[in-house]
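Examining the three-dimensional arrangement
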Amino acid sequence: MMETLKKFFANPWTKRGFSLLSLPYGAMVCWFAYLSVIYRIEIVSAGGFGVRLIAMCVLSFIVMFYTRKTLITTIVSTVPLLCLLPIVLFNLGDWLLIIPICAVSVVMFFLCGAGEGGKTILGTSILLVYMLGTLAYFVYTDVLASSIRTSVAEQGTSVTGMYDHTVTYAEDKSQGCTYIDITTNEFDLDYGWMYCDAKGFEERYAVYRPMKECTLKWETAKRTEITEELLKANPEVTFAMNERQMEILGLLDGYTKTFDVDELTSDQLEALGYVLTAKYGIPEGCTLYTEEEITLSVERMHAGGIAVTKDVALADLSDKELEKLGVPEEGDVLYADGKVIFRYYTAILTNEMAESSRTLVIE
């Protein structure tokens, strides 16, 4: 029986088959690297998180050690090493996350079946990337960062839990200022034992100078009430509807838009087949355009890389159309010293916190 097991586990094809089990480890490392870049990872339950991660790392190490000479395990032991950089940089101090992954990755890199020459070249290259990446990160966050001292004065969550606000005091050479940022929780990930706070959705809604204390209060308001308030304040209020919103309301068919030629870049005009001057010659396939305005269809706007938008008066939209555009019947409103500074309604209509508006945040 023992001889049979020894032959089975010594068989190269058995090792190649088991090497497929190392792929989930490589995927996990890449997943944590992805989360580290676009989320703030918060370990909610050290026990739950630690048991899952350590169990995964231990089991993966056993499988990878057994199959260390196979091609798949060799790849998994080397390529994901680059993914450790964002994990370490963006989660510095969360050792429960960093140590197990780094320990398995580094040990398996030296034990894998890659040749010594290959390991030397690859290890040197990865080390150089780590050094340059770390240097760039600390230069960006420390040296190039603003010298203004800031401190968080208050944080809170809206009534529905959809939004968070942060009040920050900034001290500068004048009298300082107070600013209020709001971010959406719509794209956060909650695993129970780990919470991932989505980065890149922060929007600044109020700035007060000089610095002062603000009294903030979240309330809820109905869609119809907000519509009435906005139209009462300005009956001609409009917003720029994007292509997706226009498609929802069936406004794309036959839609054209007129632009001032000066609004378009030379690259956009060239993509449309036009140039404004023949001074440097006319590129093949282009013609000289001499008019001050140009009218484009949706297809032509796509061809020129021009965003399809339409200014729409709020008064022209029915409550049913607002619902189609994704504005819930009721949502959050934030008051600062009794004055409205944020409405869920306008944030949704203007796509201020849509996934397409997300920005990369390095912190």
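See the structure above.
A brief look at the structure comes next. (Residues numbered from 1 in each chain as written. Predicted model: local features only at pLDDT ≥ 70, side-chain atom pairs only at ≥ 80, totals over all residues. Heavy atoms only, no water.)

**Here we look at the sheet that holds strand E5 (residues 189-190)**
Sheet strands line up and pair through hydrogen bonds in the backbone, either parallel or antiparallel. In spatial order, the strands read E1-E6-E5; together these three strands make up an open sheet with antiparallel pairing. Every interior strand has two partners, whereas the edge strands, strand E1 (39-43) and E5, have only one. The pairing of E5 with strand E6 (residues 194-198) spans two bridges and is classified as antiparallel. Note on E6: the bridge partner recorded for Asp-190 is Tyr-195. (Pairing = 2+ DSSP bridges. Helix = DSSP H or I, 4+ residues; strand = E, 2+ residues; numbered from the N terminus.)

**A short note on the layout of surface pockets**
Each pocket or cavity is described by its volume, and for the largest pocket that value is around 580 Å³. Lining the largest pocket are 22 residues; nearest its centre among them are Arg-40, Thr-166, Asp-181, Glu-202 and Glu-363. Mapped by element, the contributors of at least two residues to the lining of the largest pocket are strand E2 (149-157), strand E3 (163-171), strand E4 (177-184) and strand E7 (203-208). Computed from the structure, the second largest pocket encloses a volume of approximately 390 Å³. Lining the second largest pocket are 21 residues, and of these Met-162, Tyr-163, Glu-186, Gly-326 and Ile-348 lie nearest its centre. Breaking the lining of the second largest pocket down by element, the ones donating at least two residues are strand E15 (330-336) and helix H14 (344-349). Here the residues of the lining of the second largest pocket are counted per class, giving 10 nonpolar, five polar and six charged. (1 Å grid on protein atoms, 1.4 Å probe; cavity = no way out; pocket = protein on both sides within 12 Å on 5 of 7 lines; lining within 4 Å. Points joined across faces, edges and corners; volume = space filled by probe spheres on them. Nonpolar A, V, L, I, M, F, W, Y, C, P; charged D, E, K, R; others polar.)

**Regarding the pairing of E3**
As defined by bridge partners, E2 adjoins E3 across eight bridges and the pair is classed as antiparallel. Following the sheet pairing, Arg-149 is matched in E3 by Glu-171. Connecting the antiparallel pair E2 and E3 is a turn made up of five residues, with Gly-161 showing a positive phi of about 85°. Across eight bridges, the pairing between E3 and E4 is antiparallel. Pairing of Thr-166 across the sheet is with Asp-181, part of E4. Hairpin connection between E3 and E4: a loop of five residues separates the two successive antiparallel strands, and Gly-176 in this loop has a positive phi of roughly 75°.

**Focus: the environment of Tyr-179**
Its place among the elements puts Tyr-179 in strand E4. Note on Tyr-179: relative accessible area 13%, which makes it buried. Residues Tyr-179 and Val-152, 27 residues apart in the sequence, show an inter-C-alpha distance of 9.9 Å. Beyond its immediate chain neighbours, meaning those up to four positions away, Tyr-179 contacts Thr-150, Thr-166, Val-167, Thr-168, Ala-170, Arg-204, Ala-206 and Val-207. (Buried < 20%, exposed > 50% of the residue type's maximum accessible area, 1.4 Å probe, protein only. Contact = heavy atoms within 4.5 Å.)

**Examining the side chain of Asp-332**
For Asp-332, the position within the fold is in strand E15. Nearest to the buried, unbridged Asp-332 among oppositely charged side chains is Arg-343, at 13 Å. Among the polar contacts made by the side chain of Asp-332, one reaches the side chain of Ser-158 at a distance of 3.0 Å. When near neighbours in sequence (up to four residues on either side) are disregarded, Asp-332 contacts Ser-158, Val-159, Thr-160, Met-162, Tyr-163, Trp-218, Glu-219, Thr-220, Phe-342, Arg-343 and Tyr-344. (Lys, Arg positive; Asp, Glu negative; His and termini not counted. Salt bridge = Lys/Arg side-chain N within 4 Å of Asp/Glu carboxyl O. Polar contact = N/O pair within 3.5 Å; in protein donor to acceptor, adjacent residues only side chain to side chain.)

**Concerning the nonpolar core**
Nonpolar side chains tend to gather and get buried jointly when the protein is soluble and globular. Counting 47 residues, the largest nonpolar core has Ile-180, Phe-342 and Tyr-345 as the members making the most contacts within it. Considering every element that reaches this core, the biggest residue donor is H14, with four residues. Ignoring anything within four residues of it in the chain, the contact list for Tyr-345 reads Arg-223, Ile-226, Thr-227, Leu-230, Leu-314, Leu-322 and Val-327. In this structure, Cys-83, Phe-109, Trp-193 and Ala-198 belong to the second largest nonpolar core, which totals 32 residues. (Core = buried A, V, L, I, M, F, W, Y, C linked by side-chain atoms within 4.5 Å.)

**Let's talk about the pattern of salt bridges**
One pass over the structure, following the stated rule, counts 10 salt bridges. Lys-119 is paired through a salt bridge with Glu-116; the nearest N and O atoms lie 3.9 Å apart. In this pair, Lys-119 and Glu-116 are both assigned in helix H8 (residues 116-143), three residues apart and thus about one turn of the helix distant. Exposure remark for Glu-116: the relative accessible area of 57% places this residue in the exposed category. For Glu-323, the salt bridge goes to Lys-320, with nearest N and O atoms at 3.8 Å. Note that Glu-323 and Lys-320 are positioned in helix H13 (residues 319-324) at a spacing of three residues, about one turn of the helix. Owing to a relative accessible area of 57%, Lys-320 belongs among the exposed residues under this scheme.

**Description of the sheet that holds E4**
Spatially, the four strands line up as an open sheet ordered E2-E3-E4-E7, and their pairing is antiparallel. Each edge of the open sheet is held by one strand with a lone partner, namely E2 and E7. Across this sheet, the average inter-strand angle for adjacent strands is 20°, counted without regard to direction. (Axes fitted to C-alpha atoms, helices over the stretch in contact; angles between N-to-C directions.)

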